[in-house]
Amino acid sequence: MCGIVGYIGHRDAYPIIVKGLQRLEYRGYDSAGIALYDGTSINLSKTKGKVEDLKNKAEKGISLTGNLGVGHTRWATHGVPNDVNSHPHYSNSGDLVIIHNGIIENYESIKKELTKRGYTFKSDTDTEVLVNLIEEVKKTEEVKLGQAVQIALNQVVGAYAIAVFDKQKPDEIVVAKLGSPLAIGIGENEFFIASDASPFIEFTNNAVYLEDQEMAIVRLGKEIKLRKIKDDAIAYPKILELQLNLEQIEKGGYDHFMLKEIYEQPHAILDTYRGRLLADQGIIRMAGIDQHLEKFVNANRIIIVACGTSWHAGLVAEYIFEDLARIPVEVEYASEFRYRNPVITDKDVLIAISQSGETADTLAAIKLAKEKGAFVFGVCNVVGSSIARETDAGAYTHAGPEIGVASTKAFTTQITILTLMALKLGKEKGEFSESKFHEYLAELENIPAKVQIALESNPLIEIIADVYKDSSNCLYLGRGYNFPVALEGALKLKEISYIHAEGYPAAEMKHGPIALIDEQMPVIVIATNKGHYEKVVSNIQEIKSRKGMIIAVVTEGDEQVTELADHVVEIPETIESLTPLLTTIPLQLLSYHIAVMRNCNVDQPRNLAKSVTVE
Ligand code: M6R
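Residues numbered from 1 in each chain as written. Predicted model: local features only at pLDDT ≥ 70, side-chain atom pairs only at ≥ 80, totals over all residues. Heavy atoms only, no water.

**Q** Hey, could you go over the overall build of the protein chain for me, with residue numbers and the actual values?
**A** A tally of helices and strands in the protein chain yields 20 helices and 27 strands. For the protein chain, the C-alpha radius of gyration of 26 Å lies close to 25 Å, the compact-globule estimate for 615 residues. Principal axes of the C-alpha set define a box for the protein chain whose edges measure 80 × 55 × 45 Å. Across the 615 residues that make up the protein chain, the buried fraction comes to 59%. Carbon and sulfur atoms make up 48% of the accessible area of the protein chain, which totals about 23,500 Å². One way to put it: in the protein chain the 63 positive side-chain charges average out to a point 5 Å from where the 84 negative ones average out. (Helix = DSSP H or I, 4+ residues; strand = E, 2+ residues; numbered from the N terminus. Rg over C-alpha atoms; globule rule 2.2 N^0.38 Å. Buried < 20%, exposed > 50% of the residue type's maximum accessible area, 1.4 Å probe, protein only. Areas by Shrake-Rupley, 256 points an atom, 1.4 Å probe, with all protein chains shown as cover. Lys, Arg positive; Asp, Glu negative; His and termini not counted. Charge placed at Lys NZ, Arg CZ, Asp CG, Glu CD.)

Next up, the structure:
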């Protein structure tokens, strides 16, 4: 799970690569490196740390000239994050340079073989093995770089997005993909290579996304040629016109991407239902469902697979689908599902939820379900991502790029799309009256404005954050639709502030977690007026009598919980099934402020990466 960038053309490669790497740091940020070809030699600089550290080192240490170069920002898989293990890696001759995102699983046996033939290795990485394998093939088979890459890749097992160039032939970069994403931006006699389109968006809107098992020779003065790595078949590049713009991928005046993305939610939710929710006509239009309506309506059950925050959105969806569409739902961690031997039939519909569309476990779960005959529907944010391409049908959330590692707008837009789906299916199945349906549609249209109101609690939440910023533990409680929100609140806090936090269904507290409660323990309780309100009030009383500190998220005008709690944050009134779209807002803001106050790196928390493209 790393970010890769390459450039070949008429501009200075250095600023393009460095800026590109900074935009890709969401993919990994434990070390970074760059290699530039200046017309005679390759200048390479790499370091443990972030792209900013690389910039400082490279600008003092190497010549930055050249119109050809590659760069890498890393999330370590093989070998600890240090200068030597950072990419790019040279081949033994010093002619070939590679950057790699992925894992070569059989690298040890290849390394042994190469060592016998006299190769030496500086790093502990699988990538250095791969570049030397390419060199060995090139030498022994007397083939060009493209062919050498192809032959070598047919010997490796694993996943990769790679870019390789040869000092002896500096008019081309060879790229290949299996399992990790790779985009080629096409300019006027110049090419950009990257893990996604963000590094080249200001230079070109035209891009080709490589499919799995494809490679390309990107050569100056020539059109891109794609071929299949396995059998050499020619593949024809589909040039896409990108919809991204620069402003979407920059911070826009906010201190952090996470805060920007929290504040983008009213718009993002609106963009999710725009053109789909036609409240005045009483219609929900979703092409991916309309074309496969029978599959959904006749489904024995829906299985939802996802990871992390997307899994929490899946849990909310379980309540929504069962409640509104009366279809049985099972929600599975993709990483568990893929290694069980799940009972799946062609009457099952599998919904895969993923912001990035690149999560390895989710992708593997999809493949398994497809093999067993299920119909697979994807809910993704990133257009053209691997999951979006692998599924039988799907719906994009249209949330815009989410850069902060902590997912925020992805969660609320996923819930929005899943709600639309459940409402549409419930209507088709005749599960509720016309008037109820209209009531839902009208209220969904009100949600962006209500999220905006929920965001106005920000100053109050900052004050609350200051009180609890030094806590070591936190408990999050919710019931029904808001139990998954409690899990999500706890995940947000632990991933960016490193405070231990647990989410629980409020009623489960007395089966164990209540033992943790003392005067040091902040308990965040979601206590909206719909859905088991009185029972949550009892849970709050149980906490209070054990001296726990209560921060409650309540519906505006609440009196009972307000009386009991140490702090209350109000959200506007809404239909019960839509409350997660509002209750999650204060929890996102709370974790954000606590992380800032603890001087944590909000957008790039330690040990994490935005897309988890490895198991
Ligand atoms: O891109 P995906 O939605 O498939 O990612 C799944 C998880 O890796 C992701 O939600 C992760 O848990 C976030 N860091 C949570 O904020």
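**Q** Tell me what's going on with the site of the ligand, and back it up with residues and numbers.
**A** Looking at the ligand, there are 15 residues lining it, with Ser-310, Ser-354, Ser-356, Thr-359 and Glu-495 nearest. Measuring from an oxygen atom of the ligand, one finds a side-chain N or O atom of Thr-359 at 2.4 Å. Ser-407 places a main-chain nitrogen or oxygen 2.8 Å from an oxygen atom of the ligand. About the coverage of the ligand: the protein hides 92% of its 410 Å² of free accessible area. Looking at the shell around the ligand residue by residue, the class counts come to five nonpolar, eight polar and two charged. (Near = heavy atom within 4 Å. Polar contact = N/O pair within 3.5 Å; in protein donor to acceptor, adjacent residues only side chain to side chain. Nonpolar A, V, L, I, M, F, W, Y, C, P; charged D, E, K, R; others polar.)

**Q** Run through the packing of helix H3 (residues 107-116) against helix H4 (residues 126-141), naming residues and quoting values.
**A** Where H3 meets H4, the axes come as close as 10 Å, and the angle between the chain directions of the two elements is 50°. With respect to each other, H3 and H4 are oriented oblique. Every pair of crossing elements has a handedness; the one defined by H3 and H4 is left-handed. Contacts from Tyr-107, Ile-110, Lys-111 and Leu-114 of H3 reach H4 at Asp-126, Val-129, Asn-132, Leu-133 and Glu-136. A class-by-class count of the residues in the contact of H3 with H4 yields five nonpolar, one polar and three charged. (Axes fitted to C-alpha atoms, helices over the stretch in contact; angles between N-to-C directions. Parallel < 35°, antiparallel > 145°, perpendicular 65-115°, else oblique. Left-handed = near helix turned anticlockwise from the far one by under 90°. Contact = heavy atoms within 4.5 Å.)

**Q** Which residues make up the pattern of salt bridges, and what values go with them?
**A** Once the charged atoms of two side chains with opposite charge are near each other, the side chains can pair. Counted under the stated rule, the structure contains 33 salt bridges. Glu-332 serves as the salt-bridge partner of Arg-340, at 2.3 Å between the closest nitrogen and oxygen. Residue class for Arg-340 comes out partly exposed when judged on its relative accessible area of 39%. With its nearest N and O atoms 2.8 Å apart, the salt bridge here joins Asp-566 to Lys-544. With Asp-566 in the loop between helix H19 (560-564) and strand S27 (567-571) and Lys-544 in helix H18 (residues 533-544), this pair connects stretches of sequence that are 22 residues apart. Since its relative accessible area comes to 26%, Lys-544 is described here as partly exposed. Through salt bridges that share partners, Glu-113, Lys-116, Arg-117 and Glu-136 make up one connected network. (Salt bridge = Lys/Arg side-chain N within 4 Å of Asp/Glu carboxyl O.)

**Q** Lay out unusual backbone geometry with the relevant residues and their values.
**A** Here the amide bond leading from His-87 into Pro-88 is cis, since omega sits at 0°, within 30 degrees of zero. By the element assignment, Pro-88 lies in the loop between strand S4 (68-74) and strand S5 (89-90).

**Q** Tell me about helix H12 (residues 360-371), residues and numbers included.
**A** Compared with an ideal rise of 1.5 Å per residue, which puts 12 residues at 16 Å, H12 spans 17 Å between its outermost C-alpha atoms and is within 8% of the ideal. Residues of H12 that are buried in the fold lie against strand S18 (301-306), helix H11 (334-337), strand S20 (348-354), strand S21 (375-380) and helix H13 (386-390). Positive phi shows up at Gly-373, right after H12, with a value of about 95°. (Expected span 1.5 Å × (residues − 1).)

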